Each structure stands twice: as structure tokens, then as C-alpha cells.
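In case you want the letters, here they are:
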Amino acid sequence: MPVYVALLRAINVGGTGKLPMAELKSLCDGLGFADVSTFIQSGNVIFRDGGDQEEIAARLDAALAERLGKPPGVFLRRPGELAAIAEANPFPAMEPNRVLVSFFAEPVPEDALYGLVAPDGEEVVALGREIFVHYPIGSGRSKIKLPILKTGTSRNINTIVKLAALAAELENRR
């Protein structure tokens, strides 16, 4: 069965979407996913499932909506996709914890960067279904304004590399 990484939006950040990772794992087990594990407290889950990718995301989003009161947003990637995203980082010379990748379900529209306000020197690049942002002063202090970022979920390069490795390890266990 294929391995997936689910990146959940608005889980355990800013006091909203509180969900212990043990409960997330249990929820995924209950959905019939196999070999479920989580990584850090920000809504990352690795698992196997033989279903259609869109159906898997919808099923997980619906189960989370039932638990949280609203659907958080679920973005699935395969292990190779995550590795390719890390490799495609347009800011390789920058500290990996200051480069965040925002994930989206569909390819980013051509006008996605329209209206960008980057007062702290942020640099932004859209590639496929992701937007890479380099935050020179860190994302927590940044005053960047880019509306599309609110509809996705972000992880830093370090997290993406680790998730790709964990997912590849599971994939190799066949």
C-alpha cells in the first residue's frame, strides 16, 4: 500500500485546533489507515492506505471536522514528493528553519503572489502546489501579507526533510 504524509492545517497552533498526537493517531487508525505514526505536535501524520488520494484526504478532513467542529484542511504528499520539495528549495543558502513551505491541494494559481507585502525582506517563490517563503527575521515576527497563505499549511525545510525521511523509511519496509 502507498505511503502518505498528511499535513494538517491549524492543528495545535495559536490555541486553536487542539488535538493531541496520540488522539490523531487513534483517529487515523479508526479510519483504517495502516502503520500510522505522527511527527511533532503540529499535525503531521504518516500512514499507508490503498485508496484514492483525494478520497483519503476528504475522509481524514471529515473525521477531523467531527472532532474539531470544523474541517482543518488536509494536504497529502507522497514521500518522493516531499523529498523533491526539499530539493527544490529556492533558498538553499538560508537557514532551513527560516524557510517555510506552504502546501495547497491544487497547483498555486499564477496570480497567487498578487498583493504580496513583504516589509521584512521576505522572499517568496511559488512552485507547483507549494509556496516557499524565506523569513529573514523568522516567521513569528514577520509582518508579511499574502492572503493565499491562510488557505494552506506551512512547514519549515527541517520538518519537510524529516517527514520525507520517515515516510521513505516506512515505504522501504514494505
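Structure: see above.
Residues numbered from 1 in each chain as written. Predicted model: local features only at pLDDT ≥ 70, side-chain atom pairs only at ≥ 80, totals over all residues. Heavy atoms only, no water.

Right, let's get into the packing of aromatic side chains. Given two aromatic rings, their pairing is described by the distance between the two centres and the angle made by the two planes. Under the defined criterion, the tally for this structure stands at two aromatic pairs. Residues Y4 and F47 carry aromatic rings whose centres are separated by 6.0 Å and whose planes lie at 35 degrees to one another, so their mutual orientation is tilted. Here Y4, found in strand 1 (residues 3-8), pairs with F47, found in strand 3 (residues 44-48); they are 43 residues apart in sequence, far enough to count as distant. A residue is classified by how much of its surface remains accessible, and Y4, at 5% relative accessible area, is buried. Looking at F47, the relative accessible area reads 0%, which means it is buried. A ring pair is formed by F33 and F47, whose centres lie 4.2 Å apart and whose planes are at 10 degrees; its orientation type is stacked. (Phe/Tyr/Trp six-rings, centres within 6.5 Å; stacked < 30°, edge-to-face > 60°. Helix = DSSP H or I, 4+ residues; strand = E, 2+ residues; numbered from the N terminus. Buried < 20%, exposed > 50% of the residue type's maximum accessible area, 1.4 Å probe, protein only.)

Bringing the layout of surface pockets into the picture now. Empty space within the largest pocket amounts to approximately 580 Å³. As for the largest pocket, its lining consists of 24 residues, and the residues nearest its centre are L100, L149, G152, T153 and S154. The set of elements that each furnish at least two residues to the lining of the largest pocket consists of strand 5 (99-103) and strand 8 (153-156). No other element matches strand 8, which puts four residues into the lining of the largest pocket. For the lining of the largest pocket, the class distribution of residues is 11 nonpolar, nine polar and four charged. Taken as a whole, the second largest pocket encloses approximately 210 Å³ of empty space. Contributing elements (two or more residues each) for the lining of the second largest pocket: helix 2 (53-68) and strand 4 (74-77). Here the residues of the lining of the second largest pocket are counted per class, giving six nonpolar, one polar and four charged. (1 Å grid on protein atoms, 1.4 Å probe; cavity = no way out; pocket = protein on both sides within 12 Å on 5 of 7 lines; lining within 4 Å. Points joined across faces, edges and corners; volume = space filled by probe spheres on them. Nonpolar A, V, L, I, M, F, W, Y, C, P; charged D, E, K, R; others polar.)

Note on placement: A112 falls in the loop between strand 5 and strand 6 (123-127). For the pair formed by A112 and V125, sequence separation is 13 residues and the distance between their alpha carbons is 10.0 Å. In this view, A112 contacts I131, L146 and I148; residues no more than four positions away in its chain are not counted. (Contact = heavy atoms within 4.5 Å.)

For K25, the location among the structural elements is in helix 1 (residues 21-30). By relative accessible area, K25 is classed as partly exposed at 33%. As for K25 and S142, which are separated by 117 residues in sequence, their C-alpha atoms are 32 Å apart. For K25, the residues in contact, after removing those within four places along its chain, are V36 and T38.

Turning our eyes to something else, we now look at the sheet that holds strand 1. If you walk across this open sheet you meet the four strands as 2-3-1-4, and the pairing is antiparallel. Two strands lie at the open edges of the sheet, namely strand 2 (34-38) and strand 4, each paired on one side alone. Pairs of neighbouring strands in the sheet enclose a mean axial angle of 20 degrees, with direction left out of account. In this sheet, strand 3 lies alongside strand 1 in antiparallel orientation, the contact comprising five bridges. Paired with V3 across the strands is R48, a residue of strand 3. Together, strand 1, strand 3 and strand 4 form the strand contacts of helix 2, whose direction differs from that of strand 4 by roughly 145 degrees. (Pairing = 2+ DSSP bridges. Axes fitted to C-alpha atoms, helices over the stretch in contact; angles between N-to-C directions.)

What follows covers the packing of helix 3 (residues 79-87) against helix 4 (residues 157-172). At a closest axis distance of 8 Å, the pairing of helix 3 and helix 4 adopts a crossing angle of 150 degrees. Between helix 3 and helix 4, the angle falls in the class roughly antiparallel. With respect to the hand of their crossing, helix 3 and helix 4 are arranged in left-handed fashion. Facing helix 3, whose interface residues are P79, L82, A83, I85 and A86, helix 4 presents I160, V161, L163, A164, A167, A168 and E171. Looking at the contact of helix 3 with helix 4, its residues break down into 11 nonpolar, no polar and one charged. (Parallel < 35°, antiparallel > 145°, perpendicular 65-115°, else oblique. Left-handed = near helix turned anticlockwise from the far one by under 90°.)

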